[in-house]
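One-letter residues, chain by chain:
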Amino acid sequence: MTITDERTATGIGPRAPRIGESAPRPDGGPKAQGRFAFSSDLFAADMLWGHTVRSPHARAHIISIDTSSAVAMVGVHCVLTSSDVPGRATFGLEFADQPVLAADEVRYQGEAVAVVAAVDADTARRAADAVIVEYELVTPLTHAETAITAEPIHPDGNVVRHLVIRHGEPGPLTNEGVDPTLDGLISVSGTYTVGMQDQAPLGTEAGLAIPSDDGSIDLYVSTQWLHVDRDQVAASLGLPIDMVRLTLGGVGGAFGAREDCSLQIHLCLMALATGRPVKMVYDRAESFVGHVHRHPAVMTYRHWAHADGTIERVDARLVLDGGAYASSSAAVIANAACFAAGPYRVPHAIIDGWVVRTNNPPCGAMRGFGAVQTCFAHEAQMDLLADALGMDPVALRLHNALEPGDQILTGQVIGGTAPVADVIRSCADAPLPDQDSTTSGGVYELPGGAGRTTDRVDVRRGTALAVGFKNLMFSEGFDDFSTARVRVEHGVATVTCACAEVGQGFVTLAQQIVHQTLGIDFVTIAPADTSIGSAGSTSASRQTWMSGGAVLAAAEAIRARIAAAIGTDDITAPDFVRALADNEWDELVEHHHAPTVALDADGQGDAHVSFAFAAHRATVDVDLELGLVKLVDLVTSQDVGRQLNPLQLLGQLEGGATQGVGLALMEEILVADGLVMNASFTDYLIPTIADVCGLRIGAIIEEAEPGAPFGAKGVGEPPTISSTAAVVAAVRSATGLTLPRTPVRPTDIAFGERS
Amino acid sequence: MSELTRTDDSIGGGIEAADGYRLHVNGAAREVTGSWIGESLLDVLRDRLGLYGAKGACEQGECGSCSVTVDGTVVCACLVLAASVTESEIATVESLGEPGQLSDVQQAFVECGAVQCGFCTPGLIVTVHDLLDQMPDPAEHDIRASLVGNLCRCTGYGRIIEAVLVVARRRREGGS
């Protein structure tokens, strides 16, 4: 059995660059030529195509499933239901709480009920339509607040996690909301809402499963974490993990959408049932219901501050809608709660964090992971507070900005770098765009763009700044590690690591690290698969530190062995170069970050490894009557530790900010009674090239982070955290509206409440 | 167009072009067999002809990932009925550059950081070649107006605009 996967390998990079260079991607050429094999491009001889039968209802009992018509269709090879799952009937990233195929009950629209394999994609699709499922409808539970006390919709209950952070010595509030110790302080409060955002990677879910004669299976798939997929596949197939081998197919973006299993288990079930390779590719509509989304949130805040702007206390109640299954909800609410007050010194706080099950679409990981939601709220609060105090909003932020040695809400002292003030100041001080900067492109540059709807006299401009932060790597005591092997033969280095390259540029970085450490400029990246130990997830801004750290440690181990043999570790010394070229060297390293601990009953503890900070300053033009917004300028400053590849860094900053702009102005999965209303790129809008003009860098703040490889922090998520808050704040500034909800819709502007 | 026959309607779309048909792709005549009559050009290119360069990401003509040219005009292959373009010249991203030898647009995309995950890239490459053929010296807003039908989720578009400007400059300086 052969498949065309040679194009997925990134090959020998011509003259690998060193750390600090703006190195181009080694897989860039094949990708630009259309020769790079994404998981949707794979094929195998005799392969079948799979299709999923999904629930059209948000909540229902399954009365019966009749597969007979589908089975009888010419070209259909198998129709599988829950009774065909030989191993564990459920799966899940943190808790195995979701049925592989629903048996008695469906809990969200799009839940998988059966899978079909047939000779071609269209036959599989029509056979799936021919599976007759009889449902008895149940009123869906779709309101997160109600779900806290409602009848459980799942055996594990509705509350996935209730996390309370009590920080400092917050006194009790009376029924009137008064704590005597807070007498005389300035107080502001508000309730903020974040809609459901989709990761919308351009590549939909896709994979190819190939069975072997010995009952084992190979799965080529686009994912963020090969090993956790493998473990879930093996459990549900009832196979030992060494009989399930996963290889990364080319990944068309991820952003959190690929951290959970989607079609992985289904593909393997069908391949083993039929003895044939099976391929499946979701279409866009199926993708929208086939992966988790960013949690919608309702967040009620109250801040107290002294007249000089010093924050005294923050209380917040956070309610996140996790949808029908747990996914990574427990970790998302932890992030939302831990960073709920923003990168500010807060002596006293009570954060009451909830994430609950409902019959809405399941939510889980998306870039920013909980911190995005609370940043939207805490930054709105900071602007309210500045207004109430009569202070400049930037000055208020600087006055309270966290510094190394300060505590975050969990009582954890920031031991590493925290250049919060530098991030804020450099962003705020960037030159403002010209007042008439909207004229160069004519009407395209007005709100409404090519629609040519806006009259220039109705346009108002606003500018505002927001700042946010989050943790790098996994937290709360999770044993987070990556495994990498560096092998040198005939002067060529090969890096083997299961780190999922999803577009972020790990393949470039691995080449840079090996070149920097050993002086080898021919560096090949082997395909990522499960033949080596786990690299952990490509998420949480963690792969530069974790897998980069593992590659660095393996290369350094080779360097140390050579040094021990020849007496020098100078990679430019002729003896070193000769020793490297004339011998074979092979080192495998498992790299762990410093351990963290679980949060205690008060939500206190050293739960995080490291933190990264970013600020955005947005300038927008708004048509007040039509409610249309045009982003004019978006400046960002970010704390990055050290720049390893300025070009790739820029790509993360611009791309991440753009996703934040999407959440501010257009992106929302609309759900009515549990049903998704806009599962297409016609109806779910992501920013086009016309929507994001004027992205600029204010400053890249470089302070080497202790414990990080080369001092570099992960850079993927911070760009997405404060960009949304900044854009909406700029719209508030332009309009004088409260705008407590994101995304901001035209009606929110045209009919919104004045502040 | 050859006559249509009704085949076993359990397979495919049920209607198959009896003798198949011929497409002219990247300068060569390609026989299409086994295709049902309703198949899109995108599906035929990928699943019948093994040309995987054009990507499917929305099936609605919203994202531009499947951009190819038909008689020199950029189209979304997902919106074109394959059997309707048998008389046309079709060019895909595979016609631009050679393996290991990038076109100037492809080279600039890689150098400028316009490629991240790369899923949207082939469609953008086709579109940018067309843009620069028609408008050798585009202003930034011309680039934005021309590429508004190509969604990219990774880059925020800044490096893509940079790449287009770099190619335009190099072509001017190279005198071609």
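Residues numbered from 1 in each chain as written. Chains lettered and ligands numbered in written order. Predicted model: local features only at pLDDT ≥ 70, side-chain atom pairs only at ≥ 80, totals over all residues.

## As for the overall build of chain A
Of the regular secondary structure elements, chain A holds 17 helices and 29 strands. Rg of the C-alpha trace for chain A: 26 Å, near the compact-globule value of 27 Å for 755 residues, within the 12% margin. The buried share of chain A, taken over its 755 residues, is 63%. (Helix = DSSP H or I, 4+ residues; strand = E, 2+ residues; numbered from the N terminus. Rg over C-alpha atoms; globule rule 2.2 N^0.38 Å. Buried ≥ 20, exposed ≤ 12 C-beta atoms within 10 Å, placed from the backbone.)

## What to know about the overall build of chain B
Of regular secondary structure, chain B possesses five helices and seven strands. Across chain B, helices and strands are ordered from the amino to the carboxyl terminus as β-β-β-β-α-β-β-β-α-α-α-α. Counting the 176 residues in chain B, one finds 54% classified as buried. Contacts spanning at least 24 positions in sequence make up 54% of the contacts within chain B whose residues lie at least 6 apart. (Contact = placed C-beta atoms within 7 Å.)

## A word on the interface of chain A and chain B
Each side of the interface is counted separately: chain A has 51 residues, and chain B has 47 residues. Of all elements in the fold, only helix 1 (28–32), helix 3 (121–130) and helix 15 (646–665) of chain A reach the threshold of two or more residues within the side of chain A that touches chain B. If one sorts the elements of the side of chain A that touches chain B by residue count, helix 15 of chain A sits on top with eight residues.

## Quick notes on the sheet that holds strand 7 (residues 89–91) of chain B
Residue and element names in this part refer to chain B. Sheet architecture is open: five strands sit in the order 4-3-7-5-6, paired in mixed fashion. At either end of the open sheet lies a strand with only one pairing partner, and these are strand 4 (28–32) and strand 6 (73–76). Each strand of the sheet is rotated relative to its neighbour by a mean of 40°, with strand direction disregarded. Summarising the sheet, strand 5 (residues 67–70) and strand 6 pair through four bridges and their orientation is antiparallel. Paired with S67 across the bridge in strand 6 is C76. Across the sheet, helix 3 (residues 121–134) lies against strand 5 and strand 6, angled at about 45° from strand 5, the strand it touches most. (Pairing = 2+ DSSP bridges. Axes fitted to C-alpha atoms, helices over the stretch in contact; angles between N-to-C directions.)

## Digging into the sheet that holds strand 17 (residues 311–321) of chain A
Residues and elements named next belong to chain A. Strand order in the open sheet formed by six strands is 10-18-17-16-11-29, and the pairing between neighbours is mixed. Strands with a single pairing partner mark the edges of an open sheet, and in this sheet they are strand 10 (159–167) and strand 29 (741–742). With nine bridges connecting them, strand 16 (residues 297–305) and strand 17 associate as antiparallel partners. If you follow T300 over to strand 17, its bridge partner there is R317. Here helix 9 (residues 371–389) sits on the sheet and contacts strand 11 (186–194), strand 16, strand 17 and strand 29; the angle it forms with strand 11, its principal contact strand, is near 150°.

## Comments concerning the confidence of the model for chain A
Across chain A, pLDDT averages 95, with 97% of residues at or above 70. Every residue in residues 1–14 of chain A is under pLDDT 50, and counting partners more than four places away or in other chains gives 33 contacts. (pLDDT = per-residue confidence, 0-100.)

## A look at the nonpolar core
Counting 301 residues, the largest nonpolar core has V116, C268, L318, V514, V551 and V727 of chain A as its most contacted members. Residues contacting V551 of chain A, with those up to four places away along its chain left out, are A484, V486, V495, C497, A510, I513 and V514 of chain A. (Core = buried A, V, L, I, M, F, W, Y, C linked by C-beta atoms within 7 Å.)

## Brief notes about the pairing of strand 24 (residues 610–623) of chain A
Residues and elements named next belong to chain A. By the criterion of burial, strand 24 is predominantly enclosed, with 14 of the 14 residues buried. Burial along strand 24 is two-sided: S610, A612, A614, H616, A618, V620 and V622 facing one way and F611, F613, A615, R617, T619, D621 and D623 facing the other are all buried. Examined bridge by bridge, strand 24 and strand 25 (residues 628–639) share 10 bridges and lie antiparallel to one another. Its bridge partner being in strand 25, A614 is matched across the sheet by Q638. Joining the antiparallel neighbours strand 24 and strand 25 is a turn of four residues, in which G627 adopts a positive phi near 70°.

## Section: the packing of helix 13 (residues 543–566) of chain A against helix 14 (residues 574–582) of chain A
Residue and element names in this part refer to chain A. Between helix 13 and helix 14, the shortest axis-to-axis distance is 10 Å and the interhelical angle comes to 115°. The chirality of how helix 13 crosses helix 14 is right-handed. Across the interface between the two elements, I562, A565 and I566 of helix 13 pack against D575, F576, A579 and L580 of helix 14. (Left-handed = near helix turned anticlockwise from the far one by under 90°.)

## A few points about helix 9 of chain A
All names here are of chain A. Between the first and last C-alpha of helix 9 there are 26 Å, a value that for 19 residues agrees with the 27 Å anticipated at 1.5 Å per step. Extensive coverage of helix 9 is indicated by the burial of 16 of its 19 residues. Directly beyond the C-terminal end of helix 9, a positive phi value near 70° is found at G390. (Expected span 1.5 Å × (residues − 1).)

## What to know about the pairing of strand 25 of chain A
Where a strand is regular, its side chains alternate between the two sheet faces. Residues and elements named next belong to chain A. Of all the 12 residues making up strand 25, 12 are buried; the element is thus mostly covered by neighbouring parts of the structure. Looking at chain direction, strand 25 and strand 28 (residues 695–701) are connected through six bridges and run parallel. If you follow D639 over to strand 28, its bridge partner there is I701.

## What about the environment of L131 of chain B?
All names here are of chain B. In this fold, L131 is placed in helix 3. It is 9.2 Å that separates the C-alpha atoms of L131 and V164, two residues lying 33 residues apart in sequence. Leave out the neighbours within four places in its chain, and L131 touches P138 and S146.

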